[in-house]
Amino acid sequence: MDARLNPLDNPVAAKFLKHLIAANTAIHNSALPTATQELVKIRASQINGCGFCTDMHTKDAAHAGETSLRLNLVAVWREATVFTDAERAALELTEQGTRIADAAGGVPDDVWANAVKHYDEEQLAALVGLIALINAFNRVNVIIQQPAGDYQPGQFG
């Protein structure tokens, strides 16, 4: 299976992705815990049906030391006991922010209030930015049908 478009060989797509990658670097360097960042990327990618990003972020998380138990339970985090209260708040905000069209009025106040209990303003800004960013990456990859399975940790630098 080949992607409909090679974003790295297309000047417009490459320029666009360069900006997304720069935004990702700002978030990666924030105070939001790295494990939380990967969990957020995985959960949004699962919801959006982005095989490429799900493959990438589960492999990156495992490479960084995340356990297979936690990776296997991200999709059912509500029923799992292996996530901290802060991670659960981030995953809930991720789901609500990813499924924003499903709820009239956007993200519910109680979901935001729960996130505020666990993250400071800088971390919240990074979390909101990350949710928006991974949704953008997911949409690019789903639209062009980027195949999943061949990603290697560190492949993109």
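Turning next to the overall build of the chain. Along its length, the chain carries seven helices and zero strands. Secondary structure elements of the chain occur, N-terminal to C-terminal, as α-α-α-α-α-α-α. The C-alpha atoms of the chain give 15 Å as radius of gyration, which agrees with the globular expectation for 157 residues (15 Å, within 12%). The dimensions of the chain, computed from C-alpha atoms along their principal axes, are 45 × 35 × 30 Å. Per-residue burial for the chain yields a buried fraction of 39% across its 157 residues. Excluding contacts between residues fewer than 6 apart, the proportion of contacts in the chain whose partners are at least 24 apart in sequence is 70%. When the accessible area of the chain is evaluated, it comes to approximately 8,600 Å², of which 56% is carbon and sulfur surface. Both charge centroids of the chain, one from 12 positive and one from 18 negative side chains, sit 4 Å from each other.

Following the criterion strictly, the structure yields two aromatic pairs and no others. Taking the centre distance of 6.4 Å and the plane angle of 50 degrees together, the rings of Phe52 and Phe156 count as tilted. One end of the pair, Phe52, is in helix H3 (residues 51–63); the other, Phe156, is in the segment after helix H7 (121–143), and 104 residues separate them in sequence. Residue class for Phe52 comes out buried when judged on its relative accessible area of 11%. Of the aromatic side chains, those joined through ring pairs into one cluster are Phe52, Tyr151 and Phe156.

Moving on: the nonpolar core. The tendency in soluble globular proteins is for nonpolar side chains to be buried as a group. Formed by 25 residues in total, the largest nonpolar core has its most connected members in Leu32, Val40, Cys53, Leu93, Tyr119, Leu127 and Phe137. No other element matches the eight residues that H7 contributes to this core. The next biggest cluster of nonpolar side chains, apart from the first, holds nine residues, and it includes Ala61, Leu71, Trp77 and Ala80.

This part takes up helix H5 (residues 85–98). Between its first and last C-alpha atoms H5 spans 20 Å; for 14 residues at 1.5 Å apiece the expected length is 20 Å, and the two agree. Most of H5 sits out of view: eleven of its 14 residues are buried. Of the surrounding elements, those touching the buried residues of H5 are helix H2 (34–48), helix H4 (68–73), helix H6 (109–118) and H7.

A separate point is the state of the cysteines. Evaluation of the coordinates by the stated rule reveals zero disulfides. Of all cysteine sulfurs, the one in Cys50 lies closest to Cys53, which takes part in no disulfide; the gap is 3.5 Å.

Attention now goes to the pattern of salt bridges. Two side chains bearing opposite charge may form a pair once their charged atoms approach each other closely. Scanning all chains against the criterion turns up eight salt bridges. Salt-bridge contacts for Lys59 lead to Asp55; the nearest nitrogen and oxygen are separated by 2.9 Å. Here Asp55 and Lys59 lie together in helix H3, a separation of four residues that amounts to about one turn. By relative accessible area, which is 24% here, Lys59 ends up partly exposed.

This part covers the side chain of Arg43. Relative to the helices and strands, Arg43 is located in helix H2. Of note is the side chain of Arg43, whose polar atom sits 2.7 Å from the side chain of Glu95. In contact with Arg43, other than residues within four places in its own chain, are Val74, Ala75, Trp77, Leu91, Thr94, Glu95 and Arg99.

With respect to the helices and strands, Val111 occurs in helix H6. In this structure, the C-alpha to C-alpha distance between Val111 and Leu93, residues 18 residues apart in sequence, is 6.2 Å.

The subject of this paragraph is a nonpolar patch on the surface. Together, Trp112, Val116 and Val128 make up a nonpolar patch on the protein surface, roughly 250 Å² of accessible area in all. Tracing the backbone shows Val128 in helix H7.

Parameters at a glance
- Residues numbered from 1 in each chain as written.
- Predicted model: local features only at pLDDT ≥ 70, side-chain atom pairs only at ≥ 80, totals over all residues.
- Heavy atoms only, no water.
- Helix = DSSP H or I, 4+ residues; strand = E, 2+ residues; numbered from the N terminus.
- Rg over C-alpha atoms; globule rule 2.2 N^0.38 Å.
- Buried < 20%, exposed > 50% of the residue type's maximum accessible area, 1.4 Å probe, protein only.
- Contact = heavy atoms within 4.5 Å.
- Areas by Shrake-Rupley, 256 points an atom, 1.4 Å probe, with all protein chains shown as cover.
- Lys, Arg positive; Asp, Glu negative; His and termini not counted.
- Charge placed at Lys NZ, Arg CZ, Asp CG, Glu CD.
- Phe/Tyr/Trp six-rings, centres within 6.5 Å; stacked < 30°, edge-to-face > 60°.
- Core = buried A, V, L, I, M, F, W, Y, C linked by side-chain atoms within 4.5 Å.
- Expected span 1.5 Å × (residues − 1).
- Disulfide = S-S within 2.5 Å.
- Salt bridge = Lys/Arg side-chain N within 4 Å of Asp/Glu carboxyl O.
- Polar contact = N/O pair within 3.5 Å; in protein donor to acceptor, adjacent residues only side chain to side chain.
- Patch = residues over 30% accessible without salt bridge, like charges linked within 9 Å, V, L, I, M, F, W, Y side chains within 5 Å.

No statement about biological role is implied by the geometric values presented.
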